[in-house]
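Below, each chain spelled out in residue letters.
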Amino acid sequence: VQLQASGGGLVQAGDSLRLSCVASGLTFSSYAMGWFRQAPGKEREFVAAITRAGGSTYYADSVKGRFIISRDNAKKTVDLQMNSLKPEDTAVYYCAASRFSYGTNWPLGGTDYWGKGTQVTVSS
């Protein structure tokens with residue numbers, strides 16, 4: 001199984017970025033998909049999640065109204081559109097897949113597969 005994330009980069013506050021994660025080696029539509037992030041010196045935290053068919057989405061309070069998660073089961077991709085970026089959004093962003101976890105309380109231990117991460121840096 002591979003989750004390959006891309007789209008990170010260095011941007012200024014207020015800019016937008018779109019992260020994409022391509023999955024292979026798994027029945028993509030059987031997994032809820034999520035994005036997590038980890039800033040230097042901090043624990044990995046939940047950012048956003050989407051259910052298997054894409055019918056429901058969930059967001060951390062810190063990104064609600066600014067980030068949008070979406071998926072394409074035919075292409076086996078999950079995207080994270082990040083708008084109005086802030087310096088506190090700076091982190092390594094990880095794509096995640098889970099058969100049984102979803103929602104804002106998705107525990108780190110409930111993740112079946114992790115991607116390698118992509119760096120997002122927002123300058124003030």
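Here, every reference points to the structure presented above.
Residues numbered from 1 in each chain as written. Predicted model: local features only at pLDDT ≥ 70, side-chain atom pairs only at ≥ 80, totals over all residues. Heavy atoms only, no water.

Participant: Which residues make up the environment of Arg 52, and what values do they have?
Facilitator: Summarising the element assignment, Arg 52 is placed in the loop between β5 (45-50) and β6 (57-59). Along the backbone, Arg 52 and Arg 71 are 19 residues apart, and their C-alpha atoms lie at a distance of 8.9 Å. Those residues in contact with Arg 52 that lie beyond four places of it in its chain are Ser 29, Ser 30, Tyr 31, Ala 32, Arg 71, Asn 73 and Arg 99. There is a polar contact of 2.7 Å between the side chain of Arg 52 and the backbone oxygen of Arg 99. (Helix = DSSP H or I, 4+ residues; strand = E, 2+ residues; numbered from the N terminus. Contact = heavy atoms within 4.5 Å. Polar contact = N/O pair within 3.5 Å; in protein donor to acceptor, adjacent residues only side chain to side chain.)

Participant: Break down unusual backbone geometry for me, citing the residues and quoting the values.
Facilitator: With the exception of glycine, most residues fall at negative phi, and the peptide bonds are largely trans. Positive phi, close to 60 degrees, is recorded for Lys 76, a residue that is not glycine. Counting through the fold element by element, Lys 76 comes out in the loop between β7 (67-72) and β8 (77-82). Overall, the relative accessible area of 32% leaves Lys 76 in the partly exposed class. In the Ramachandran plot, Ser 84 falls in the positive-phi region, its phi being about 50 degrees despite a non-glycine side chain. Locating Ser 84 in the fold gives a position in the loop between β8 and β9 (91-98). (Buried < 20%, exposed > 50% of the residue type's maximum accessible area, 1.4 Å probe, protein only.)

Participant: Please provide a residue-by-residue account of the pairing of β8, values included.
Facilitator: Within β8, 6 of the 6 residues are buried, which leaves the element mostly enclosed by the surrounding structure. Going residue by residue along β8, you find Thr 77, Asp 79 and Gln 81 tucked away on one face and Val 78, Leu 80 and Met 82 tucked away on the opposite face as well. Sheet analysis places strand β3 (residues 17-24) next to β8, joined by 6 bridges and oriented antiparallel. Note that in β8 the partner of Ser 20 across the bridge is Asp 79. Pairing of β7 with β8 involves 6 bridges; the strand directions are antiparallel. Counterpart to Asp 72 in the pairing with β8 is Thr 77. Taking the residues that link successive antiparallel strands as the turn, the β7-β8 hairpin has 4 residues, and the phi of Lys 76 there is positive, at about 60 degrees. (Pairing = 2+ DSSP bridges.)

Participant: Break down the sheet that holds β8 for me, with residues and values.
Facilitator: Reading across from one edge, β1-β3-β8-β7 is the order of the 4 strands in this open sheet, with antiparallel pairing throughout. In this open sheet, the two edge strands, each paired with only one partner strand, are β1 (2-6) and β7. Going across the sheet, the axis of each strand differs from the next one's by a mean of 15 degrees, ignoring polarity. (Axes fitted to C-alpha atoms, helices over the stretch in contact; angles between N-to-C directions.)

Participant: Requested: an account of the packing of aromatic side chains, with residues and values cited.
Facilitator: Counted by the stated rule, this structure contains 6 aromatic pairs. Considering the side-chain rings of Phe 36 and Trp 114, the 5.1 Å spacing of their centres and the 75 degrees angle between planes classify their relative orientation as edge-to-face. Of the two residues, Phe 36 is situated in strand β4 (residues 32-38) and Trp 114 in strand β10 (residues 113-114); the sequence distance between them amounts to 78 residues. With a relative accessible area of 0%, Phe 36 lands in the buried category. By the ring-pair criterion, three or more aromatic residues cluster together here, those being Phe 36, Phe 46, Tyr 94, Trp 106 and Trp 114. Of note, Arg 44 hangs over the ring of Tyr 94, and the distance from its end group to the ring centre comes to 3.6 Å. The lysine or arginine in question, Arg 44, covers the ring of Trp 114, its NZ or CZ lying 4.5 Å from the ring centre. (Phe/Tyr/Trp six-rings, centres within 6.5 Å; stacked < 30°, edge-to-face > 60°. Lys NZ or Arg CZ within 6 Å of the ring centre and 35° of its normal.)

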